[in-house]
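Structural description and commentary
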Amino acid sequence: MVTKKVIDTIYKTYRQRPASSEDLDIALLFEQLPLEHGIGIEGDSLIIGSIPESSPLHSLPLGHIHGIIDFDDCVAVVLHSSIVFLDKESDRTSVHLRQDRPSLLDRLRLSLQS
């Protein structure tokens, strides 16, 4: 199970994009995920068919992917501010969106407004 602590560690570990998209373990997506996810490569983008085309996460530029991680029950595609979890048993997907904490300046402004 992926916990908040694991998610925080993922964001810290994959803070930088790899030097090249060739450094990503894209083969893992094709080896570990069922066909229902509709994983494919179109040009320089990773296509996730199990996510609706209207979603910005349906087509991910390979240059924006920070990492691909294998877990027991899912595969995670790590981006700068989000992680897409793709289930290994079905076409189920879930997304974690990182919420940036307010900066020190923002917190000072809020405290002065109160």
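Residues numbered from 1 in each chain as written. Predicted model: local features only at pLDDT ≥ 70, side-chain atom pairs only at ≥ 80, totals over all residues. Heavy atoms only, no water.

Now for the overall build of the protein. Helix and strand content of the protein: three helices and seven strands. When the elements of the protein are put in sequence order from the N terminus, they spell out α-α-β-β-β-β-β-β-β-α. The principal-axis extent of the C-alpha atoms belonging to the protein is close to 55 × 30 × 30 Å. Expressed as a percentage of the 114 residues in the protein, the buried residues total 35%. Contacts in the protein between residues far apart in sequence, at least 24 positions, make up 44% of those at least 6 positions apart. Surface summary for the protein: the accessible area is close to 7,700 Å², and the carbon and sulfur share equals 51%. With 11 positive and 17 negative side-chain charges, the protein shows a spacing of 17 Å between the two charge centroids. (Helix = DSSP H or I, 4+ residues; strand = E, 2+ residues; numbered from the N terminus. Buried < 20%, exposed > 50% of the residue type's maximum accessible area, 1.4 Å probe, protein only. Contact = heavy atoms within 4.5 Å. Areas by Shrake-Rupley, 256 points an atom, 1.4 Å probe, with all protein chains shown as cover. Lys, Arg positive; Asp, Glu negative; His and termini not counted. Charge placed at Lys NZ, Arg CZ, Asp CG, Glu CD.)

In terms of nonpolar packing, the biggest core is built from 19 residues, with Leu29, Leu46 and Ile65 touching the most fellow members. In this structure, Ile10, Phe71, Ala76 and Phe85 belong to the second largest nonpolar core, which totals ten residues. (Core = buried A, V, L, I, M, F, W, Y, C linked by side-chain atoms within 4.5 Å.)

Once that is clear, we can look at a positive patch on the surface. A surface patch of positive charge is lined by Lys12, Arg15, Arg101 and Arg107. Within the element layout of this structure, arginine 15 appears in the loop between helix 1 (4–13) and helix 2 (27–32). (Patch = residues over 30% accessible without salt bridge, like charges linked within 9 Å, V, L, I, M, F, W, Y side chains within 5 Å. Salt bridge = Lys/Arg side-chain N within 4 Å of Asp/Glu carboxyl O.)

The next thing to look at is a nonpolar patch on the surface. On the surface, Leu104, Leu105 and Leu108 cluster together to form a nonpolar patch covering roughly 300 Å² of accessible area. Structurally, leucine 108 is set in helix 3 (residues 104–113). Judged by relative accessible area, leucine 108 falls into the partly exposed class, the value being 46%.

This part takes up the sheet that holds strand 4 (residues 67–70). As summarised here, the arrangement of the four strands in space is 4-5-6-7, forming an open sheet in which the pairing is antiparallel. At either end of the open sheet lies a strand with only one pairing partner, and these are strand 4 and strand 7 (93–97). Going across the sheet, the axis of each strand differs from the next one's by a mean of 20°, ignoring polarity. Judged from the five bridges that link them, strand 6 (residues 82–87) and strand 7 form a sheet pairing that is antiparallel. Each residue of the ladder has a partner; that of serine 82, found in strand 7, is leucine 97. Packed on one face of the sheet, helix 1 meets strand 4, strand 5 (74–78), strand 6 and strand 7 and runs near 120° to strand 6. (Pairing = 2+ DSSP bridges. Axes fitted to C-alpha atoms, helices over the stretch in contact; angles between N-to-C directions.)

Our focus in this paragraph is the packing of aromatic side chains. Where two aromatic rings form a pair, the distance of their centres and the angle of their planes describe that pair. Applying the stated criterion across every chain yields a total of zero aromatic pairs. Residue placement shows arginine 98 over the ring face of tyrosine 11; its charged tip is 4.7 Å from the ring centre. (Phe/Tyr/Trp six-rings, centres within 6.5 Å; stacked < 30°, edge-to-face > 60°. Lys NZ or Arg CZ within 6 Å of the ring centre and 35° of its normal.)

The next point concerns the layout of surface pockets. One number sums up the size of the largest pocket: a volume of about 330 Å³. As for the largest pocket, its lining consists of Lys4, Asp8, Tyr11, Lys12, Arg15, His96, Leu97, Arg98, Gln99, Asp100 and Arg101. Here the lining of the largest pocket takes four residues from helix 1, the largest share from any one element. Its volume calculated, the second largest pocket comes out at about 240 Å³. For the second largest pocket, the lining is made up of eleven residues, of which Asp73, Cys74, Phe85, Arg92 and Ser94 are closest to its centre. (1 Å grid on protein atoms, 1.4 Å probe; cavity = no way out; pocket = protein on both sides within 12 Å on 5 of 7 lines; lining within 4 Å. Points joined across faces, edges and corners; volume = space filled by probe spheres on them.)

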